[in-house]
Amino acid sequence: MKSFLKRLSIFILIPFLIVLAGYLYFDPYKVIYDYEDYGKSCVVLNRDYVSTTKYLKNKDKYHFDSFIFGSSRTIAFKAKTWKEYLGNEASPFVFDGAGESIYGIHGKLKYLDKQNVAINNVLIVLCRDWMAIDRGLYSGHIFKKHPATSDETWLNFHFTMFSAYLNTKFLLAYYDFTFTGVFRPSMKTVLTQDQLTIDPISNDITVPLIDAKIAENPKQHILNNAALFYDRKGEKLDSIDRLDPENIQMLKEIKQILEKRKVNYKIVASPSYDQIKFSTNDKNILQDLFGNHFYDYTGKNKFTDNKENYYETSHYRPTIGKLMLDEMYSKEKDK
């Protein structure tokens, strides 16, 4: 019996060790080794980890003093463009995370404040549908928060990453693509073909191939993705009050840090494709807290009406981000 159990354990252990060796060697989620370029990956990476890692690596060299916080929708606000409104002395950094919420923004600002980082300018991109998401969402490997700016532990962080790697569908797709270079239709749910460019300093994300295609013929982009760009039925109010007491407390602490440090800050509510506005209660809370620092672009307006302003129904394009910056900073001059 002991001999059988020994052979059985070896039979089980050897495949596991091979899989573990592959994880350590290939580092599919790019969380073990240091990388100059995180853009070239067939795996969707944890953006919070990438952003925080790049900040920690470059902070002493570039002395970042201006920060863009928010979800992947920060793709509409380029650090280089923002700098035009801040002045040549500003050193901007995009400190985003996938599905970023008030919880994530709060953690990053608290970290910067605790480290006594000079914070001169802040742009917070709030998403009505993501801003108050339950922190339980961040148990997923794509959304896991970097331990430096959260109450996460490194052990739990890496356990989550390795657990995701052990998914059979991911393993088969990842190693198939790694060794053959062939992207099969069945891989779409676990791998990506998106060609991203990540600025080595500012951490800006761009999608050059998609940008070029849309710029060439934006109307054709809509036609090619007609099933995606559904017709809206006009403006609606959110039926849910999303800001609970915990979210409100974090917002108050965010404001406290910004006011204490005399930061020139703006909070912009994303012009979501669905044309749904904040609930009345949520809008009032944000307006009362942040006053004329708060800019609401939710609902039906000149930005959300035009489908050509969007990559798809979740992300709006940098051309719109530039127009919003124009409006926000022109209003600042008028005050």
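Overview of the structure. Here the structure is a predicted model, which is why all the values come from computation and not from measurement.

This part is about the packing of aromatic side chains. By convention here, two paired aromatic rings are described through the distance between centres and the angle between planes. According to the stated counting rule, one finds 37 aromatic pairs in the structure shown. Among the aromatic residues, ring-to-ring pairing joins Phe16, Tyr23, Tyr25, Phe26, Tyr29, Phe162, Tyr165, Phe170, Tyr174, Tyr175 and Phe179 into one connected group. Positioned above the aromatic ring of Tyr35 is the side chain of Lys30, whose terminal nitrogen or guanidinium carbon lies 4.2 Å from the ring centre. A cation sits over an aromatic face here: Arg232 above Tyr273, 4.0 Å from the ring centre.

Next up on the list: the side chain of Lys144. Along the chain, the position of Lys144 falls in the loop between strand S3 (121–126) and helix H5 (154–165). Of note is the side chain of Lys144, whose polar atom sits 2.7 Å from the side chain of Asn156.

Tallying each qualifying case throughout the model produces 23 salt bridges. Lys145 is the partner of Glu100 in a salt bridge, and the nearest nitrogen-oxygen pair spans 2.7 Å. On the criterion of sequence distance, the pair formed by Glu100 in the loop between strand S2 (92–96) and helix H4 (102–114) and Lys145 in the loop between S3 and H5 is long-range, its members being 45 residues apart. You can call Lys145 buried: its relative accessible area is 3%. The salt bridge partner of Lys300 is Asp305, with a shortest N-O separation of 2.9 Å. The exposure class assigned to Asp305 is partly exposed, which follows from its relative accessible area of 38%.

Further remarks concern the pairing of strand S7 (residues 264–269). Among the six residues that make up S7, five are buried, leaving the element largely enclosed by the rest of the structure. Note: S3 against S7, six bridges, orientation parallel. When the sheet's bridge partners are listed, Leu126 is paired in S7 with Ala269. As judged from the three bridges shared by S7 and strand S9 (residues 294–296), these two strands associate in the parallel manner.

The N-to-C vectors of H4 and helix H9 (residues 245–260) enclose an angle of 35°; their axes lie 10 Å apart at closest approach. Like other packed secondary-structure pairs, H4 and H9 cross with a definite hand, here left-handed. Contact residues: H4 offers Ile102, Tyr103, Ile105, His106, Leu109, Lys110 and Asp113, while H9 offers Asn247, Met250, Leu251, Glu253, Ile254, Ile257, Leu258 and Lys260. Residue composition of the contact of H4 with H9, grouped by class: nine nonpolar, two polar and four charged.

Across its 13 residues, helix H6 (residues 168–180) extends 18 Å between first and last C-alpha, which sits within 8% of the 18 Å expected from 1.5 Å per residue. Every buried residue of H6 is listed here: Phe170, Leu171, Ala173, Tyr174 and Tyr175. Capping the start of H6 is the job of one residue whose side-chain oxygen sits 2.9 Å from the backbone nitrogen of Lys169: Asn167. Among the residues trailing H6, Gly181 stands out with phi positive, at a value near 75°.

Here the focus is the sheet that holds strand S1 (residues 66–70). Strands sit in the order S2-S1-S3-S7-S9 across an open sheet of five strands; the sheet is parallel. Because the sheet does not close on itself, it has two edges, and the strands there are S2 and S9. Strand-to-strand twist of the sheet, defined as the mean angle between neighbouring strand axes without regard to direction, takes the value 15°. Across the sheet, helix H3 (residues 79–86) lies against S1, S2 and S3, angled at about 130° from S1, the strand it touches most.

Turning next to the packing of H9 against helix H10 (residues 280–290). At a minimum axis separation of 11 Å, H9 and H10 run at an interaxial angle of 20°. With respect to H10, the axis of H9 lies roughly parallel. Between H9 and H10 lies a crossing of right-handed hand. Two secondary-structure elements touch here, H9 through Ile248, Leu251, Lys252 and Lys255 and H10 through Ile285, Leu286, Leu289 and Phe290. Grouping the constituent residues of the contact of H9 with H10 by class yields six nonpolar, no polar and two charged.

Rules of the game
Residues numbered from 1 in each chain as written. Predicted model: local features only at pLDDT ≥ 70, side-chain atom pairs only at ≥ 80, totals over all residues. Heavy atoms only, no water. Phe/Tyr/Trp six-rings, centres within 6.5 Å; stacked < 30°, edge-to-face > 60°. Lys NZ or Arg CZ within 6 Å of the ring centre and 35° of its normal. Helix = DSSP H or I, 4+ residues; strand = E, 2+ residues; numbered from the N terminus. Polar contact = N/O pair within 3.5 Å; in protein donor to acceptor, adjacent residues only side chain to side chain. Salt bridge = Lys/Arg side-chain N within 4 Å of Asp/Glu carboxyl O. Buried < 20%, exposed > 50% of the residue type's maximum accessible area, 1.4 Å probe, protein only. Pairing = 2+ DSSP bridges. Axes fitted to C-alpha atoms, helices over the stretch in contact; angles between N-to-C directions. Left-handed = near helix turned anticlockwise from the far one by under 90°. Contact = heavy atoms within 4.5 Å. Nonpolar A, V, L, I, M, F, W, Y, C, P; charged D, E, K, R; others polar. Expected span 1.5 Å × (residues − 1). Parallel < 35°, antiparallel > 145°, perpendicular 65-115°, else oblique.

The quantities given are spatial measurements derived from coordinates; they are silent on function.
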